[in-house]
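The primary structure of each chain is shown beneath.
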Amino acid sequence: MIKEEVLLQEKRRYEQPLFISKKEKKLLKKDYPVQKIIGYQEMQNVHIDIRYNVLIPRYETEEVILKSYQYLNKNSKVLDLCCGSGFIGLAIAKNIACNVTLSDISNAAIKQTKLNMKLNNLSNCKVIKSNLFHNINDKYDLIISNPPYLNKKHEFANSLHWEPKKALFAKDDGLFFYKKILRKAHYYLNNSGYLIFEIDEYAKKWIEKHYPNTIFEKDINKKFRIAILKYEDLKK
């Protein structure tokens, strides 16, 4: 019943008919995510379609976006690395009205991001298929990333079964992408630029040890969720 109540709550939020079909009930029993049943989410004034195999945007990620606004203006150039559905970069493009490049290695992510860019009538965005920085040839005022960072050794909710594993889990105890991005980010940042990550507590400990000047911010649940690094702190 709790899952059905959550679904009804989301339907109410999006002004959909307050009715749960037999098909939806079956999906809920299989721990199918409520957001996937709805088919989209709306956060930060952005409509995010999630019909393709991409990670469902989380409210924690919305907090990362809100923090990034403090470092941006309409003249900023932004790179959303590992963009997934495009939620982060498209929210920045819509609310700050600056130029944003969104990049991911996944074909589904590229397809989904291009669709979401169209649905939100955004012309100040560019979408690039790239393995991290491989096809990136520019410098930015902000690089922002919510990379895969879960450790496969830990236990997680059954609903994650329905989401792309490559967008969730990372090798090296979840640190693989952080390490790769941190090694090269300064080559793609302007001298006054910043790198912002979505993180978990484990990543926070590793980043803090190797990049001691990092600024860390907690989310609404009092968990460390945001890491902010300056260009000069990335040069080693």
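On a predicted model such as this, the values are computed, not experimentally measured, just so you know. Per chain, the residues get numbers from 1 upward, laid out in the order the sequence is written. In keeping with the model being predicted, local features are shown solely for residues with a pLDDT of at least 70 and side-chain atom pairs are shown and tallied solely at 80 or more, while totals for entire chains, interfaces and linings include all residues. Hydrogens are left out, water is left out, and the side-chain values use all remaining heavy atoms of the structure.

Caption draft 1: Focus on the overall build of the chain. Where helices and strands are cited, they refer to DSSP runs of H or I of at least four residues and of E of at least two residues respectively, numbered from the N terminus. Counting secondary structure elements, the chain contains 10 helices and nine strands. The C-alpha atoms of the chain give a radius of gyration of 18 Å, which matches the 18 Å a tight globule of 236 residues would have. Exposed residues in this analysis have more than 50% of their type's maximum accessible area, buried residues have under 20%, and partly exposed residues fall in between, with area computed by a 1.4 Å probe over protein chains only. Burial status across the chain gives 51% buried among its 236 residues. Contacts are assigned to residue pairs that have any heavy atoms within 4.5 Å of one another. Across the chain, the fraction of contacts at a sequence separation of at least 24, relative to all contacts at a separation of at least 6, is 63%. When charges are counted, neither His nor the chain ends are considered; positive counts come from Lys and Arg and negative counts from Asp and Glu. Here the site of a charge means atom NZ of a Lys, CZ of an Arg, CG of an Asp or CD of a Glu. Within the chain, one finds 42 positive and 27 negative side-chain charges whose respective centroids are separated by 6 Å. Radius of gyration here uses only the C-alpha atoms, and the compact-globule reference equals 2.2 Å multiplied by the residue count raised to the power 0.38.

Caption draft 2: Expanded view of the pairing of strand E5 (residues 125-129). At least two bridges found by DSSP between two strands is the condition for calling them paired. With five bridges connecting them, strand E4 (residues 99-104) and E5 associate as parallel partners. The partner of Asp104 across the bridge, within E5, is Lys129. Note on handedness: a crossover is taken as right-handed if, strands pointing away from the viewer, the path from the first strand over the helix to the second is clockwise. In this fold, E4 hands off to helix H6 (residues 107-119), which returns the chain to E5; that crossover is right-handed.

Caption draft 3: Fine view of the nonpolar core. Put simply, a nonpolar core is a bunch of buried Ala, Val, Leu, Ile, Met, Phe, Trp, Tyr and Cys residues held in one set by side-chain atoms that sit within 4.5 Å of each other. Phe133, Ile143, Tyr178, Leu182, Leu195, Phe197 and Ile207 are the most contacted members of the largest nonpolar core, which has 35 residues in total. Contributing elements (two or more residues each) for this core: strand E3 (77-81), strand E6 (140-145), helix H8 (176-184), strand E7 (189-198), helix H9 (201-210), strand E9 (224-230) and helix H10 (231-234). A per-element tally of this core places H8 first, with four residues. The contacts of Phe133, once residues within four sequence positions are left out, are Leu79, Leu81, Ile143, Ile181, Lys184, Ala185 and Tyr188. Counting residues in hydrophobic clusters, the runner-up holds 33 residues, among them Ile48, Tyr69, Val100 and Cys125.

Caption draft 4: View of unusual backbone geometry. Positive phi values are uncommon outside glycine, yet Asn45 reaches one of about 65°. In this structure, Asn45 sits in the loop between strand E1 (40-43) and strand E2 (46-49).

Caption draft 5: Representation of the pattern of salt bridges in the model. What counts as a salt bridge is simple: a side-chain nitrogen of Lys or Arg found within 4 Å of a carboxyl oxygen of Asp or Glu. Applying the stated rule across the entire model yields 10 salt bridges. Glu217 serves as the salt-bridge partner of Lys67, at 3.7 Å between the closest nitrogen and oxygen. Linking Lys67 in helix H4 (residues 59-68) with Glu217 in strand E8 (residues 215-218), this pair joins segments that are 150 residues apart in sequence. On the basis of relative accessible area, Lys67 is assigned to the buried category, the value being 16%. When the shortest N-O distance is used, the salt bridge between Arg225 and Asp219 registers 3.0 Å. For Arg225, a relative accessible area of 12% translates into the label buried.

Caption draft 6: Just the packing of H8 against H9, in detail. Relative to each other, H8 and H9 sit at 35°, their axes nearing to 11 Å. In the crossing of H8 with H9, the sense of the turn from one axis to the other is right-handed. Counted together, Tyr178, Lys179 and Leu182 of H8 and Ala203, Trp206 and Ile207 of H9 form the full contact between these two elements. Fitted lines through C-alpha atoms give the axes, limited to the stretch in contact for helices. The angle between two N-to-C directions lies from 0 to 180 degrees. Definitions for this section: a left-handed crossing has its near helix turned counterclockwise from the far helix by less than a right angle. A right-handed crossing has that turn clockwise.

Caption draft 7: Molecular detail of the environment of Gln41. Among the structural elements, Gln41 can be located in strand E1. As a C-alpha pair, Gln41 and Lys67 span 26 residues in sequence and 20 Å in three-dimensional space. Sequence-distant contacts of Gln41, that is, excluding residues within four places in its chain, are made with Tyr14, Gln35, Val46, His47, Ile48, Ile56 and Pro57.

Caption draft 8: Highlighting the domain arrangement of the chain. Each domain span listed reflects an automatic or database assignment of domains. Domain assignment breaks the chain into domain 1 (1-38) and domain 2 (52-234). Between domain 1 and domain 2, the C-alpha centre-to-centre distance is 29 Å. On the side of domain 2, seven residues touch domain 1, which itself brings eight residues to the contact. Roughly 700 Å² of surface becomes buried between domain 1 and domain 2 when both sides are summed, with 61% attributable to carbon and sulfur atoms. What counts as buried area is the accessible surface, traced by a 1.4 Å probe, that two parts surrender upon association, with contributions from both included. Looking only at domain 1, the three residues that lose the most surface to domain 2 are Asp31, Pro33 and Lys36, adding up to 58% of its buried area. At the junction of domain 1 and domain 2, the tally comes to zero salt bridges. As used in this structure description, the phrase polar contact means that two N or O atoms lie within 3.5 Å; if the pair is within protein, one of them must be able to donate a hydrogen and the other to accept it, and residues adjacent in sequence are counted only when both atoms belong to side chains. For the pair domain 1 and domain 2, the number of links is four residue pairs in polar contact (both at pLDDT 80 or more). Under the convention adopted here, Pro, Cys and the residues Ala, Val, Leu, Ile, Met, Phe, Trp and Tyr are nonpolar, Asp, Glu, Lys and Arg are charged, and Gly plus all remaining residues are polar. Looking at the side of domain 1 that touches domain 2 residue by residue, the classes come out as two nonpolar, one polar and five charged.

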